[in-house]
Amino acid sequence: MNPTRRTGGPGTRRRRVAVAATALAGALAGVLALSGFNQQLREIDPPGSGTTSEVAGTDIVGIRTFTPPEGLVVDADLEYGVRDDGTLLTLDVCSPAAPVADDAVADGAAEPDAHASTSLPAVVSIHGGSWQRGDKANADWRNVCLWLASEGFVAVSVNYRLVPDAIFPAALDDVALAVEWLRDPEQLERFGVDPARIGAFGGSAGGQLAALLGTTGEGPLDEGSRVAAVAELSGPVGLVSDELAADAASVWLRSIVGAYLGCEPDANEADCPQAAEAAPATHADASDPPFFIGHAEDEIVPLGQSQRFADGLAGAGVPVEFAVVPGGEHSIGILDEALRARVAAFLHAQLG
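Below you will find a few notes about this structure. Everything numeric here is computed off the predicted structure, so don't read it as measured data.

Topic: the pairing of strand 7 (residues 291-296)
Most of strand 7 sits inside the fold, with six of its six residues counted as buried. The pairing of strand 6 (residues 230-233) with strand 7 spans four bridges and is classified as parallel. Paired with Val230 across the strands is Phe291, a residue of strand 7. Two elements, strand 7 and strand 8 (residues 320-325), share six bridges in a ladder whose sense is parallel. Along strand 8, the bridge assignment pairs Phe292 with Glu321. Crossover handedness for the path strand 7 to helix 10 (residues 303-315) to strand 8: right-handed.

Okay, here's the thing in structure tokens:
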């Protein structure tokens, strides 16, 4: 068992900062050819645009091609914790439409109980935004929440503390707390969730957090912040200096990583130990849950990030499905009908 893992009990985690240098060097050598064209200098959206979504512009792409069906239920702005500095942590829960029994229809019952279903799988949804912006309920991530609910999952869309007010590991601690909140008996009964069938989904910075949630967990699948499956899109998961160099990482990527870590990502390990600690592959071992990783061929986060991570998971004995899609869209901007079908199939297979 990896000694750096987040254990099943609330709020506990032991850490290490060492990276397996030999394995990393091999992975870097294997993906240098993939990284040469990933030298984007553009930002995801223009400075001062005020957007809360990491999907650039107004094009109808990715998750924006999803139209929610009627009957889904949203419980918005539920409090799941308060931090020492007074920060109130909130989340939204999107629930599947409750089936109406035939005899109830015959008797004229028109208002099914939205939370009557029992033993449902759940997915914690983690928004992106460079770890410094974004929101659980912006139009794109609300659509993610509704899409997951339409697939039969109880979707829990989480807000977490953002840079610069909070740096690593604050956001990870928050999303882990959201999983623990969902496992509270009161919430399990309220939303009809099976505590052993909780997964995580994230995009961009949220993808990194979902991945880290998956690889730092240990213990029984129905306790603490443990998750049983992870699906992440376009996550900046390689944060150590060698990986950023291998990707010819843009000034933009280096700057957001530095702000998230609270140290310069190009510094040596002794000066920025957070870089290794925040890299999901640092913690990977065979006890980790299955992963789905999606990435576009030529997007703002270099493809080599996901390729190395997928290789590292597979090398550690973790089941992983890696999907590379054409084009340059980012995060849930690649979550079109075809990729939604693949992600949903993966989550159903792992969560039942």
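Let us keep going from here.
Here we look at the state of the cysteines
Applying the stated rule across the entire model yields two disulfides. Bridging Cys263 to Cys272, the disulfide has an S-S length of 1.9 Å. Taking the sign of the S-S torsion, about 50° here, the bridge from Cys263 to Cys272 comes out right-handed. Both residues of the pair, Cys263 and Cys272, count as buried. In the protein chain, the cysteines engaged in disulfides, taken in order along the sequence, are linked 1-2, 3-4.

Section: the nonpolar core
Residues Leu91, Trp131, Tyr260 and Leu261 are the most contacted members of the largest nonpolar core, which totals 62 residues. Per element, the largest residue contribution to this core is eight residues, and it comes from helix 4 (residues 170-182). When near neighbours in sequence (up to four residues on either side) are disregarded, Trp131 contacts Leu162, Val163, Ala205, Gln208, Leu209, Pro236, Leu239, Ile256, Val257 and Tyr260. The next biggest cluster of nonpolar side chains, apart from the first, holds 34 residues, and it includes Ala149, Ala229, Leu339 and Val343.

Some points on the pattern of salt bridges
Oppositely charged side chains can pair when the atoms bearing their charge come close. Tallying each qualifying case throughout the model produces 10 salt bridges. The closest approach of N and O atoms between Arg83 and Asp174, which form a salt bridge, is 2.8 Å. Remark: Asp174 occurs in helix 4 and Arg83 occurs in the loop between strand 1 (73-82) and strand 2 (88-95); sequence separation between them is 91 residues. Among the residues examined, Asp174 registers a relative accessible area of 0% and is labelled buried. Between Glu321 and Arg342 there is a salt bridge whose closest N-O contact spans 3.0 Å. In this pair, Glu321 sits in strand 8 while Arg342 sits in helix 11 (residues 337-351), placing the two residues 21 residues apart along the sequence.

What counts, and at which threshold
Residues numbered from 1 in each chain as written. Predicted model: local features only at pLDDT ≥ 70, side-chain atom pairs only at ≥ 80, totals over all residues. Heavy atoms only, no water. Buried < 20%, exposed > 50% of the residue type's maximum accessible area, 1.4 Å probe, protein only. Helix = DSSP H or I, 4+ residues; strand = E, 2+ residues; numbered from the N terminus. Pairing = 2+ DSSP bridges. Right-handed = clockwise from strand over helix to strand, strands pointing away. Disulfide = S-S within 2.5 Å. Core = buried A, V, L, I, M, F, W, Y, C linked by side-chain atoms within 4.5 Å. Contact = heavy atoms within 4.5 Å. Salt bridge = Lys/Arg side-chain N within 4 Å of Asp/Glu carboxyl O.

These figures come from the coordinates and say nothing about function on their own.
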